[in-house]
Amino acid sequence: MNGELLNKLRDWRSEQARREGVELYRVFSNATIEAIAAAAPKTKEELLKIKGIKDRKCEKYGLAILSMTSGETPAEIGKTESEESVEKEEAGERVFAVSAFLGLLNIGLRRSAAKVRGEVSSFQMRGGHAYFSISDKDGSVMHCFMWSNDYRISGISIAEGLEIVVSGYPEIYKPSGKLSFRTRTIELAGEGALKKAYDKLKAMLEREGLFAPERKKEMPEFPHRIGLVTSRDGAVIHDFLNNIGRFGFKITFIDSRVEGSSAVRELLSAIRYFKTQKTIDALVLIRGGGSLESLQAFNNEYIVREIADCPFPVIVGIGHDKDVPLVSLAADAACSTPTAVAKLLNVSWEQAGAAVRLAEHRILDGFGAALQERIFYIDRTSGVLEDRLREMIERVRRTARRFSESVAILRERIRAAGDSIPATNRRIAGALAFALQAAGEKIALSEKMLAASDPKRQLALGWSIAFSGGKIIRRIADAPAGSLLDVRVSDGTIRTRVAE
Amino acid sequence: MIRFVRKTKRLMDKKTNLNESLKKLEQIAAWFESRRDIDIEEGLKKVREGALLAKEAKKRLQEIENEFEEVKKGLEEDA
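These numbers were taken from a predicted model, which means no experiment stands behind them.

> Would you mind going over the nonpolar core in detail, with residue names and values included?
All names here are of chain A. Membership of the largest hydrophobic core comes to 54 residues, with the highest contact counts inside it found for Phe132, Phe298 and Val327. Sorting elements by how many residues they give to this core places helix α11 (residues 263–277) first, with 8 residues. Taken domain by domain, this core gets at least three of its residues from each of domain 2 (112–189) and domain 3 (221–451). Not counting the four nearest positions on each side in its chain, Val327 is found in contact with Leu285, Phe298, Ile303, Val304, Ile307, Val316 and Ile318. Grouped together as the second largest cluster of nonpolar side chains are 39 residues, Phe240, Phe249, Ala333 and Ala342 included.

> Pulling in residues and values, what's your account of the side chain of Asn300 of chain A?
Residues and elements named next belong to chain A. Following the sequence through the fold, Asn300 ends up in the loop between β8 (282–290) and α12 (301–308). With relative accessibility at 3%, the residue Asn300 sits in the buried group. A distance of 3.0 Å separates a polar side-chain atom of Asn300 from the backbone oxygen of Ser154. Side-chain polar atoms of Asn300 contact the backbone nitrogen of Tyr302, separated by 2.7 Å. Sequence-distant contacts of Asn300, that is, excluding residues within four places in its chain, are made with Ile153, Ser154, Gly155, Leu201 and Val264.

> Any chance you could break down helix α1 (residues 3–20) of chain A for me, citing the residues and the numbers?
Each turn of an α-helix holds 3.6 residues, which means side chains three or four residues apart point in the same direction. For α1 of chain A, with 18 residues, the first-to-last C-alpha span of 26 Å sits near the 26 Å given by 1.5 Å per residue. At the exit of α1 of chain A stands Gly21 of chain A, carrying a positive phi of roughly 70°.

> Kindly report on the interface of chain B and chain A, identifying the contributing residues and their values.
Facing 44 residues of chain B, the contacting portion of chain A comprises 51 residues. Of the roughly 4300 Å² buried at the junction of chain B and chain A (both faces included), carbon and sulfur atoms supply 59%. On inspection of chain B and its partner chain A, the count reaches 5 salt bridges. Across the pair Arg362 of chain A and Glu33 of chain B runs a salt bridge whose closest N-O atoms are separated by 2.8 Å. In this assembly, chain B and chain A are joined by 13 residue pairs in polar contact (both at pLDDT 80 or more). Secondary-structure elements contributing two or more residues to the side of chain B that touches chain A are α1 (2–34), α2 (40–61) and β1 (67–70) of chain B. With 13 residues, α1 of chain B is the largest single contributor of residues to the side of chain B that touches chain A. Tallied by class, residues from the side of chain B that touches chain A come to 20 nonpolar, 7 polar and 17 charged. Note that strand β7 (residues 250–255) of chain A and β1 of chain B share 4 bridges and pair parallel. Its bridge partner lying in β1 of chain B, Ile251 of chain A is registered against Phe68 of chain B.

> Quick rundown of empty space enclosed by the protein? Include the residues and the values.
Residue and element names in this part refer to chain A. Per the stated rule, a full pass over the model turns up 2 cavities of 30 Å³ or more. By volume, the second largest cavity is sized at about 50 Å³. Lining the second largest cavity are Leu210, Ala212, Arg215, Lys216, Lys217, Ile307, Ala308, Ala330 and Asp332. Considered class by class, the residues forming the lining of the second largest cavity number 5 nonpolar, no polar and 4 charged.

> Could you give me a rundown of the layout of surface pockets, with the residues and numbers involved?
Residues and elements named next belong to chain A. If you add up the space inside the second largest pocket, you get close to 980 Å³. Along the wall of the second largest pocket there are 41 residues; nearest its centre are Gly155, Ile156, Ser157, Leu188 and Ala197. At the level of elements, α8 (148–154), β5 (178–188), α9 (191–208), α11 and α12 are the ones that each hand at least two residues to the lining of the second largest pocket. In terms of residue count, α9 provides more of the lining of the second largest pocket than any other element does, 8 residues in total. By residue class, the composition of the lining of the second largest pocket is 20 nonpolar, 10 polar and 11 charged. Counting the residues that make up the lining of the second largest pocket, at least three belong to each of domain 2 (112–189) and domain 3 (221–451).

> Break down the pairing of β8 of chain A for me, citing the residues and quoting the values.
Residue and element names in this part refer to chain A. β8 sits mainly inside the fold: 7 of its 9 residues count as buried. Two elements, β8 and strand β9 (residues 314–320), share 6 bridges in a ladder whose sense is parallel. Looking at β9, one finds that Leu283 is bridged to Val314. Viewed along the sheet, the connection from β8 through α12 into β9 turns out right-handed.

> Quick one: what's the story with the environment of Ser167 of chain A, residue by residue and with numbers?
Along the chain, Ser167 of chain A falls in strand β4 (residues 163–173). In sequence terms Ser167 of chain A and Arg182 of chain A are 15 residues apart; their C-alpha atoms lie 8.3 Å from each other.

> Run through unusual backbone geometry, naming residues and quoting values.
All names here are of chain A. The backbone phi angle of Ala40 is positive, close to 40°, even though this residue is not glycine. Following the sequence through the fold, Ala40 ends up in the loop between α3 (30–39) and α4 (44–48). Its identity is not glycine, yet Phe222 carries a phi of approximately 50°, on the positive side. Here Phe222 shows up in the loop between α9 and β6 (225–230).

> Mind laying out the sheet that holds strand β13 (residues 484–489) of chain A, listing which residues take part and the relevant values?
Residues and elements named next belong to chain A. Pairing within the open sheet is antiparallel, and its 4 strands lie in the order β12-β11-β13-β14. Both edges of this open sheet fall to β12 (471–472) and β14 (492–497), since each of them pairs with a single strand only. Of the pairings in the sheet, the one linking strand β11 (residues 465–468) to β13 comprises 3 bridges and is antiparallel in character. The residue bridging Ile465 from the neighbouring strand is Arg488, located in β13.

> Any details on α12 of chain A? Residues and values, ideally.
Residue and element names in this part refer to chain A. Within α12, the full set of buried residues consists of Ile303, Val304, Glu306, Ile307 and Ala308. Along its buried surface, α12 packs onto α9, α11, β8, β9 and α13 (326–330). Capping of α12 at its N-terminal end is provided by Asn300; its side-chain oxygen lies 2.7 Å from the backbone amide nitrogen of Tyr302.

> A description of the sheet that holds strand β10 (residues 333–335) of chain A should follow, citing residues and the corresponding values.
Pairing within the open sheet is parallel, and its 6 strands lie in the order β10(A)-β9(A)-β8(A)-β6(A)-β7(A)-β1(B). Taken across any chain shown, the strands that pair with only one partner, and hence form the sheet edges, are β10 of chain A together with β1 of chain B. Across this sheet, the average inter-strand angle for adjacent strands is 20°, counted without regard to direction.

> Tell me about the packing of α11 of chain A against α12 of chain A, residues and numbers included.
Residues and elements named next belong to chain A. Contact pair α11 / α12: the axes reach a minimum separation of 10 Å and the direction vectors enclose 15°. When the axes of α11 and α12 are compared, the pair comes out roughly parallel. The element α11 and its partner α12 pack so that their crossing is left-handed. Here Val264, Leu267, Leu268, Ile271, Arg272 and Lys275 of α11 lie close against α12, whose contacting residues are Tyr302, Ile303, Glu306 and Ile307. Looking at the contact of α11 with α12 residue by residue, the class counts come to 7 nonpolar, no polar and 3 charged.

Thresholds, definitions, all that
Residues numbered from 1 in each chain as written. Chains lettered and ligands numbered in written order. Predicted model: local features only at pLDDT ≥ 70, side-chain atom pairs only at ≥ 80, totals over all residues. Heavy atoms only, no water. Core = buried A, V, L, I, M, F, W, Y, C linked by side-chain atoms within 4.5 Å. Buried < 20%, exposed > 50% of the residue type's maximum accessible area, 1.4 Å probe, protein only. Helix = DSSP H or I, 4+ residues; strand = E, 2+ residues; numbered from the N terminus. Domains from an automatic or database assignment. Contact = heavy atoms within 4.5 Å. Polar contact = N/O pair within 3.5 Å; in protein donor to acceptor, adjacent residues only side chain to side chain. Expected span 1.5 Å × (residues − 1). Buried area = accessible area lost by both parts, 1.4 Å probe. Salt bridge = Lys/Arg side-chain N within 4 Å of Asp/Glu carboxyl O. Nonpolar A, V, L, I, M, F, W, Y, C, P; charged D, E, K, R; others polar. Pairing = 2+ DSSP bridges. 1 Å grid on protein atoms, 1.4 Å probe; cavity = no way out; pocket = protein on both sides within 12 Å on 5 of 7 lines; lining within 4 Å. Points joined across faces, edges and corners; volume = space filled by probe spheres on them. Right-handed = clockwise from strand over helix to strand, strands pointing away. Axes fitted to C-alpha atoms, helices over the stretch in contact; angles between N-to-C directions. Parallel < 35°, antiparallel > 145°, perpendicular 65-115°, else oblique. Left-handed = near helix turned anticlockwise from the far one by under 90°.

If you want it as structure tokens, here you go:
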């Protein structure tokens, strides 16, 4: 792959994205850029063969790309064949065209990227872009230019007399021939100016209601997919990861600078990534403690609004001194350490465990109480039954005892009576014996009478008894024609049918 | 890694269930506390249901390794 071309393409893409105010990947993805560098297309047709380049992009960027692959820089698009050949040769005896020479200088100047501090001495907005100059006390002046989008996200309102630090690189503006500082970011210089800007923005956003409690989204129950934005380096990310519980969190991390001139841009890009993906339950933004100056990115109006506008809850964990970062005020939840943020995410999971255990207890207690009640009832009722049974048994026993006592008494009396018979009442005994004898005779007589009237005796004498259906036949009507009769005689039964 | 992903996916499907399980458990607990005369048969049925829910919830709440993924997009600024 052509490394030089790749770098060129990347520079061009950054510039283009900035000009359009879009993310880098909206111009071309890394893969596409690399594919272009590898294929180095020379024609539109070749360019269109590369994956990720469709008609629309070819139309929009084709000329710029092709000018680079054929060895030109984007700033030099449109120059003539002869100019190009000039640039390709060693500088020295060559005579340059002005544009080509300035182009060459600009390539060199690009390497002089720097941060410069000064006081704003003039300021003008033209076509949305910022034109201003900064100067020192000794009168040195530097002209600066800033694309509208860069200026907007800087969150700073330039005004004459304001002390600022600009980051970027110098460039000669060909139409005027003047040196201009291509500014990418501006920061306020000095705590005093920062504090003033902070207070002003805070008051304004407060008036707008951006920090109002009713705006805050509720923390999700059982958050699972977490977006994490912080710096890869430093202790905060470790503190966070060490303290977040093992509940199967799915953490999507985007590394971002959290301090310095590129912090705002990177944070913005990361937040927007999650906003477009929309696959997280909560966004976590963490950073270690710092001064107002080092936390500038978190007091940037653009970032604050972006945070307030997130469709998912945002948890911010930023250490701070006196002034709470505006991002923390706009977030749905704010802590001052990454550990606290991690614990906040753990809460519902941990509580769920306790809730399950509590519910189990309550259910078992409830059921246990119901069972206990039932057992009591059974005990009580079975107790009553037992009592009754015992009572009945007792009554029977008592009766039996009384009976046997009576019998014993009677026996005793009879014995006592028996003892007294020979001594006192022989007469009565004699009478009793006579009476018994008479009774015996009476019984014998009765037996004889009974024997005389026994039907079997009659049968033996030649009588018979006819039955029909087990009933004795007394009348003709009892034995209709055809009915079966049992005729009992002295030695058995004759079965017969009535003929007539 | 793949194992984790699959595990997580399964858990995601069950995610709402954890919430549901907790709600149902709470309802059952409240049922026991809200009445004086509990039918033992019905109570037993509720206890069984509760035990099952609690078991499921506990399974989801046991220690599961987190998944960590870094997104690298065209962020490299030429600064």
